[in-house]
Amino acid sequence: MSTYRLSSLLSPRSVALVGASPRPGSVGLAVLKNFRAARFRGDFGIVNPNYTEIGGVATVRTFAELSFVPELIIITVPARAVPGIIADAGRRGVAGAVIISAGLGHGAGSLAEAANTAARAHGMRLIGPNCLGIMMPASCLNASFAATMPGAGNLALVSQSGAIAAGMVDWAAREDVGFSGIVSIGDQLDVDIADLLDFFALDSKTDAILLYVEAVKDARKFMSAARAAARVKPVVVIKSGRMAQGAKAAATHTGALAGSDAVYDAAFRRAGMLRVFDLHELFDCAETLGRAVQPEGKRLAILTNGGGIGVLAVDRLVELGGIPAEISASVRAQLDSVLPPTWSGDNPVDIVGDADAARYSAALDVLLADPGNDAIVVMNVRTAIVAAGDIAKSVVRVVNADRERRSVSKPVLAVWIGADGDIAKTFNDASIPNYPTEDDAARGFMYLVHHREVRDVLAQVPPSLPAEFVPDADTARKIVENAVGEGRSWLDPIEVKRLFDAYDIPMVPTLAAADAGEAVALAAPFFAQGTPVVLKILSRDITHKSDVGGVVLNLLNGDSVLTAAEGILARAKAKRPDAKLSGVIVQPMIQRPKARELILGIADDPTFGPVIVFGHGGTAVEVINDKAVALPPLDLRLAHDLIERTRISRLLYAYRDVPAVNREDVALTLVKLAQLAADVSQVRELDINPLLVDDSGVLAVDARVAIGAAVRKFAGPGNARFAVRPYPSEWQRHINLKDGSQVFARPIQPSDEPLLREFLQTVSKEDLRLRFFGAIKEFTHPFVARLTQLDYARAMAFVAFDQSGKEIIGVVRLHSDSIYESGEYAILLKSELKGRGLGWALMQLIIAYARSEGLKCISGQVLQENIAMLDMCRDLGFRIRTDASDPDLCDVTLALDAR
C-alpha cells in the first residue's frame, strides 16, 4: 500500500492512546509519559474502560465517547484485545495505529492476521506490532517507550529492532544529532521498510535515511522503493545476520527469515544504498550525512598539529579508496607565507605542535580556496600551549565565513583528540562533523564519496549490447518445457548444449554415443585433427559424474575410447543400479594453457529470486570461495562491476607472458545468462564450471542446469521471479498511424538518453512549455537521465521511432501512484508531426499498458490553452474538470474499469 495514509500516522492532527496504565513499570505508562513530555499540539485522549483517569488525564471507555476522531491510535493493550480495537477504530474512521503490543503471532489464524484483516476492511494502516513505536520530533510526537526523545533534524531512521532504534536515540541525544523521524516497524504486519523509504524519500525535512534491516518481506517492493530513494538522498543500511548463526538469531527475533548475506549485499549495491557493518559505522555515517555537504571528488586535505596522526589519517584514507590531495606549488607558496618554516611542506599539512588559533585559521583559509582538494579534515592534538577550545572556535569562524562567501562550500570535518563536550558542541552547533579519531574521520569522508559515486553510477548510461546478440528464447523454452513435462529436475548435457546455443554461449562440442562402439566413431574426427577426447557418463539420473567414475580424460585413440567407454558404463551400473544409462558423452579435450578457469551461474535465492554468480572456477571452487553475486537483469556495466568485485578479476589482466583475457566476452556471457533467467522461468539453477577464458574469448567446458515448474515469487504483472523488474520487451510493437505510415514503439531504455536529448531539442519551446508547464533552459544529463532510467515496477515510458529507427519522434509516459491503483500520464511529440495520429496511437498504447497492469484509472493535468490535448482526451473518454487550486489547469481522468 506504500505511502497511503502514512502522513496520518507520522504527522497526525489528533491521537488517542489505547491501553495506558497507571501501573509503574508498564509500557502503557511509559508511552503516556513520553507522549505528554513531547507536548503534542493536537487533540489527545485516552481510551481505557478500567480507569477514569490515568496520569491526570481523564479517560473514556470507547472511541465513540471521544470528542474527536483520532487520526492515529497507539495500542499497548494485551495481544488478544488488539483485533477488536482495530475493528472499532476502523468503524470510527481512524486512519492508522501504532501497535506496540507483542505476542500477536504470525500467519494464518493468528491475532496478527485478524488485526490486519480488520484494518484493511477500513483502509487503516498499521505500524508494528512488537515495536518500540514512533518519534517525529518536528510534530512533537513521541509514541514510543524510548528513554529519550531526540531533537528535530534531517535524518530518518527506520528499524526492525526496537533496541537498535532506542540505541540510536540515546546516541543522538549525546551527540546533539536530530531526526526527522524514527520508526520502529517491528513485525511489519502492514507498513514495511519499503513504505517508509517511499515516505521519507519525498519528505522535505529528511536529507538522509538510515535503515536497520533483519529481513526483507517483499524484495521487489523493497528494491523499487530503495532504488527510487537512493536517487534523491543517501540511504544507509546495516543488516544483521551476516553469519549463519546471526541469520538464525535474526529469523527468530522478528519472525522473518534472513536470506543469504551475499545476496542482500548485492541487492543493497544494486539499489544504490550505502552499507555499513556495525553500529559504530552507522553512528559515524549518521554524523557525517547529518551535517556535511557532498564533496565534488575524493581528494582530501589534512590540516593537523601532529605529524604522526596526520600520516595515520593518510594511511586509512588510501586504504578506503580516497586520495590525499596534492599541494600545488602556488598553494605551497601561500602556505609558506602564513606558516612557520617548520611546517611539513606537503599533505598532511602539519603546522607543528605549537600551532595557535591564528595559524589554524590562516592555513584553513588557504586550503578552502584551493581547487586541488575536495574536502578538508582539521585535526588537533591537545597541548598545554594553546587551548583546544579556542582553536575549535576559530575553525568554526573560518568555515562559517567560507560558507557565506561561496554558493557551494566544501565539506570540513574535525578530529579533536580527547575533546570535551564543549568542543563537540562547538562543532555540532556549526554543523561540522566531528570524530574522536582519524580513522573515524577518514571513514566519514568516504561515506560522502561513496554516496556521490553511487548517485553518479545510478545516472550513468549503460553501454549498448552487441546488435548481433538475439537470443532464441522460443527454442530455449521448448527445450526446458519438454524436460519439465517429463518430470525431470536436470537437463542432460545434450540439452544443455542446445540451450547454450540458443543464447550464443560458446560451449565445447558435445556428442552423445549410445554405446562404446558409437563413441569410437564419434571420437575419430577429433583424433584426425590431433585432438584427444574426454568421455563422460550420459544419464539423466546421475548429476555428479565423477562420483561414479564417470569421467575419463585425455584419450588418444579408438582403442582407449572403447576401453574407457565400457569401463564408465560398467562402473556407473555398479554404483548406481537405479540409474537409467543412456550411453556416454564425447567431447574434445580443450587445450588452452593460458586460459583462466571461471565459474558463472544462476542461483535461486529465497528472498530475492534469481541471482547471477561469478567467480574463480575449477575443482576447488568451494575452497577458494572467490565469488560475487548480482541481481538480474544485467547490462554490460553491471556485468563488469560484478567481475571487478572478485579476486580472480586481477588475473584477467595481462601478466608476464600471459595475455589479458577478452573481458568483454566474459561480461557479455554474464548478460546472456541474466537474459536466459528472464526468458526461461523454469531454469532454477545453472552452473558453468569451468568457463575457460583467454584472449581468444570464452568457452564453457562443463555445465549443469536444474529445472522445475515456474514459481511466482512476486505478485503483480511482469516477470514473477525477478526482484528488479526486467525490461518489458513484450511491449515492443509496430503501430499504424491514420495517415497510413507505420512507426516502431518500445519501452524506453537508459541507453536512449542521447536520442531523447536530440528529440527534446527538436521540440518547439511552446510545446515544451505545454508539456512541462514552464520554460526549459537546458537538457542536462541528470534531467534526461531521470526520464530514461525507469523502474518498470513503478513507471513506463514508450518511445516512438521514425522509419529509420534512429530518431525518436514521440514519448508517452505513465507513473503510478504509491498504491499502484492509478497513474499520471504525460505525452510529447515532435512538433512538426502533430496531426498525423501519433499522439492518439501513443495514448492508446499507454492506456492498454495501464489496463494490463491492473491500474484503475489514468489521470493528468493539461493547461486550459492546450486545446488539442483536451480534445483528444475527450475523444478518448477522459473526464475533464478545472483544477480546484489552479484555474489555468484541467484535471483529466480516465476510468479504466469502465470500458
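Counting from 1, residues in each chain are numbered in the order their sequence is written. Given that this is a predicted model, residues contribute local features only at a pLDDT of at least 70 and side-chain atom pairs are listed and counted only at 80 or more, while totals for whole chains, interfaces and linings are drawn from all residues. As a rule here, side-chain values cover all heavy atoms of the structure and leave hydrogens and water aside.

### Thoughts on the overall build of the protein
Move 1: Only DSSP runs of H or I covering at least 4 residues are called helices, and only runs of E covering at least 2 are called strands; the numbering of each starts at the N terminus. Tallying secondary structure elements over the protein gives 28 helices and 38 strands in all.
Move 2: The principal-axis extent of the C-alpha atoms belonging to the protein is close to 95 × 80 × 70 Å.
Move 3: Counting contacts in the protein only where the partners sit at least 6 residues apart, residues at least 24 apart contribute 70% of the total.
Move 4: The protein chains shown are the only cover counted for residues, whose accessible areas, like all others here, come from Shrake-Rupley with a 1.4 Å probe. As presented, the protein carries roughly 37,400 Å² of accessible surface, and 52% of it is formed by carbon and sulfur atoms.
Move 5: Charged side chains in the protein number 95 positive and 104 negative. The centres of these two groups are separated by 4 Å. Only heavy atoms enter the contact rule, under which two residues are in contact if any of them lie within 4.5 Å. Charge assignment in this entry is limited to Lys and Arg as positive and Asp and Glu as negative, and neither His nor the chain termini are counted. A charged residue contributes its charge at one atom only: NZ of Lys, CZ of Arg, CG of Asp or CD of Glu.

### Here's the deal with the packing of aromatic side chains
Move 1: Between 30 and 60 degrees the pair is tilted, below 30 it is stacked and above 60 it is edge-to-face, where a pair is any two Phe, Tyr or Trp rings, Trp via its six-membered ring, whose centres lie within 6.5 Å. This structure, assessed with the given rule, holds 13 aromatic pairs.
Move 2: Ring centres of phenylalanine 199 and phenylalanine 200 lie 5.2 Å apart, and the angle between their planes is 85°; this geometry places the pair in the edge-to-face category.
Move 3: Per-residue accessibility, obtained with a 1.4 Å probe over protein chains only, is compared with the maximum for each type, and a residue is labelled buried under 20%, exposed over 50%, and partly exposed between these values. The class for phenylalanine 199 is buried, based on a relative accessible area of 17%.
Move 4: Residues tryptophan 731 and phenylalanine 798 carry aromatic rings whose centres are separated by 6.0 Å and whose planes lie at 55° to one another, so their mutual orientation is tilted. Taken together, the residues tryptophan 731 in the loop between strand 30 (703-707) and strand 31 (733-736) and phenylalanine 798 in strand 33 (residues 795-801) connect sequence positions 67 residues apart. Both residues of the pair, tryptophan 731 and phenylalanine 798, belong to the buried class.
Move 5: In textbook terms, an aromatic cluster arises when at least three aromatic residues are bridged by ring pairs, as seen for Phe222, Tyr264, Phe268 and Phe608.
Move 6: Positioned above the aromatic ring of tyrosine 264 is the side chain of lysine 239, whose terminal nitrogen or guanidinium carbon lies 4.5 Å from the ring centre.
Move 7: In this structure, arginine 663 is placed above the aromatic ring of tyrosine 653, and the distance from its NZ or CZ to the ring centre is 4.3 Å. Only Lys NZ and Arg CZ are tested; either one counts as a charge over a ring when it is within 6 Å of the ring centre and within 35 degrees of the ring normal.

### Considerations on the sheet that holds strand 12 (residues 208-213)
Two strands in a sheet stick together by hydrogen bonds in their backbones, pointing the same way (parallel) or opposite ways (antiparallel).
Move 1: Only strands that DSSP links by at least two bridges are regarded as paired with each other. Within the open sheet, the seven strands sit side by side as 9-8-11-10-12-13-14. Their pairing is mixed. Each edge of the open sheet is held by one strand with a lone partner, namely strand 9 (141-144) and strand 14 (274-276). Direction aside, neighbouring strands of the sheet carry axes that sit 20° apart on average.
Move 2: Relative to strand 9, strand 8 (residues 133-136) runs antiparallel, the two being bridged by four bridges. Comment: axis = line fitted to C-alpha atoms, over the contacting stretch for helices; angle = value between 0 and 180 degrees taken between N-to-C directions.

### Structural notes on the sheet that holds strand 6 (residues 96-99)
Move 1: With mixed pairing, seven strands are arranged side by side in an open sheet as 3-4-2-1-5-6-7. Of all strands in the sheet, those with a lone pairing partner are strand 3 (53-54) and strand 7 (125-127), marking the two edges.
Move 2: Contacts between helix 2 (residues 27-37) and the sheet are confined to strand 1 (14-18), strand 2 (43-47), strand 3, strand 4 (57-60) and strand 5 (72-75), with strand 1 contributing the most and set at about 160° to the helix.

### A look at the pairing of strand 22 (residues 533-538)
Move 1: Across the six residues that make up strand 22, a large majority, six, are buried.
Move 2: In terms of strand pairing, strand 22 meets strand 23 (residues 551-555) through three bridges, oriented antiparallel. Within strand 23, the position partnered with lysine 536 by the bridge is valine 551.
Move 3: Relative to strand 24 (residues 583-588), strand 22 is paired through six bridges, and the arrangement is antiparallel. Bridging from a neighbouring strand, leucine 538 pairs with glycine 583 of strand 24.

### With respect to the pattern of salt bridges
Move 1: Throughout this description, the term salt bridge denotes a Lys or Arg side-chain nitrogen within 4 Å of a carboxyl oxygen of Asp or Glu. Scanning the model with the defined rule gives 48 salt bridges in all.
Move 2: Residues participating in the shared-partner salt-bridge network are Glu281, Asp284, Arg316, Glu319, Asp439, Asp440 and Arg443.

### So, the packing of helix 22 (residues 636-644) against helix 23 (residues 663-679)
Move 1: Where helix 22 contacts helix 23, the axes come no closer than 9 Å and their chain directions differ by 110°. As far as their axial angle goes, helix 23 and helix 22 are roughly perpendicular. Contacts from Leu636, Ala639, His640, Leu642, Ile643 and Glu644 of helix 22 reach helix 23 at Arg663, Glu664, Val666, Ala667, Leu668, Leu670 and Val671.
Move 2: Here the contact of helix 22 with helix 23 is composed, by residue class, of nine nonpolar, one polar and three charged. Here is the rule for angles: anything less than 35 degrees is roughly parallel, anything more than 145 is roughly antiparallel, 65 through 115 is roughly perpendicular, and the remaining ranges are oblique. All residues other than Ala, Val, Leu, Ile, Met, Phe, Trp, Tyr, Cys, Pro, Asp, Glu, Lys and Arg, Gly among them, are scored as polar; the first ten of these are nonpolar and the last four charged.

### As for the packing of helix 10 (residues 279-289) against helix 16 (residues 438-458)
Move 1: At a closest axis distance of 9 Å, the pairing of helix 10 and helix 16 adopts a crossing angle of 60°. Considering how the two elements wind past one another, helix 10 and helix 16 form a crossing that is right-handed. Residues His280, Glu281, Asp284, Cys285, Thr288 and Leu289 of helix 10 pack against Asp440, Arg443, Gly444, Tyr447 and Leu448 of helix 16.
Move 2: Residues that form the contact of helix 10 with helix 16 fall into these classes: four nonpolar, three polar and four charged. Left-handed describes a crossing whose near helix is turned anticlockwise from the far helix through less than a right angle; right-handed describes the clockwise counterpart.

### A short note on the nonpolar core
Move 1: Grouped together as the largest cluster of nonpolar side chains are 95 residues, with contacts concentrated most on Leu10, Leu197, Phe200, Leu211, Phe222, Phe608 and Leu631.
Move 2: Nonpolar cores are built from buried Ala, Val, Leu, Ile, Met, Phe, Trp, Tyr and Cys residues. Side-chain atoms within 4.5 Å join them into one set. Formed by 56 residues, the second largest nonpolar core is a distinct cluster that contains Ile748, Phe759, Leu828 and Ala850.

### A short note on unusual backbone geometry
Move 1: Looking along the chain, the bond that leaves asparagine 347 and enters proline 348 is cis, with omega of 10°.
Move 2: Looking at the secondary structure, you find proline 348 in the loop between helix 12 (329-338) and strand 17 (349-350).
Move 3: The step from proline 632 to proline 633 runs through a cis peptide bond, and the omega angle for that step is 0°.
Move 4: If you check the backbone angles, valine 352 has positive phi at about 80° while not being a glycine.
Move 5: Here valine 352 is to be found in the loop between strand 17 and helix 13 (357-369).
Move 6: Positive phi, normally seen in glycine, also occurs at aspartate 504, with a value near 55°.
Move 7: Mapped onto the elements, aspartate 504 comes out in the loop between helix 18 (493-502) and strand 21 (511-513).
Move 8: Overall, the relative accessible area of 48% leaves aspartate 504 in the partly exposed class.

### Quick notes on helix 28 (residues 867-876)
A turn of α-helix holds 3.6 residues, and therefore any two residues three or four places apart point the same way.
Move 1: Residues of helix 28 that are buried: Met869, Leu870, Met872, Cys873 and Leu876. With its buried residues spanning 160° around the axis, helix 28 presents them on a single face. Exposed side of helix 28, more than 90 degrees from the buried face: Ala868 and Asp875 are the residues found there.
Move 2: Considering only its buried residues, helix 28 is in contact with strand 35 (822-829), helix 27 (838-852), strand 36 (857-863), strand 37 (879-882) and strand 38 (889-895).
Move 3: A positive backbone phi angle near 95° is found at glycine 877, which sits one or two residues after helix 28. By construction, the arc corresponds to the directions joining the helix axis to the C-beta atoms.

### Some remarks on the side chain of aspartate 694
Move 1: With respect to the helices and strands, the residue aspartate 694 is situated in strand 28 (residues 683-694).
Move 2: Polar contacts, as used here, are pairs of N or O atoms within 3.5 Å; protein pairs need one atom able to donate a hydrogen and one able to accept it. Residues neighboring in sequence count only if both atoms are side-chain atoms. A polar side-chain atom of aspartate 694 sits 2.5 Å from a polar atom in the side chain of serine 696.
Move 3: Apart from residues lying up to four places away in sequence, aspartate 694 is in contact with Arg592, Lys594, Ala595, Ala660, Val661 and Asn662.

### A closer look at the environment of tryptophan 171
Move 1: You can see tryptophan 171 is positioned in helix 5 (residues 162-175).
Move 2: For tryptophan 171, a relative accessible area of 7% puts it in the buried group.
Move 3: Taking the C-alpha atoms as reference, tryptophan 171 lies 23 Å from proline 411; in sequence the two are 240 residues apart.
Move 4: The residues contacting tryptophan 171, other than those within four sequence positions of it, are Val177, Phe283, Ala286 and Glu287.

### Observations concerning the pairing of strand 5
Move 1: The alternating pattern of strand 5 places Leu72 and Ile74 on one face and Ile73 and Ile75 on the opposite face, and all of these are buried.
Move 2: Pairing between strand 1 and strand 5: four bridges, direction parallel. Across the sheet, valine 15 pairs through a bridge with leucine 72, a residue of strand 5.
Move 3: By convention, orient the strands away from the viewer: a clockwise path from the first strand over the helix to the second makes the crossover right-handed. Tracing the backbone out of strand 5, into helix 3 (residues 82-92) and back to the parallel element strand 6 gives a crossover that is right-handed.

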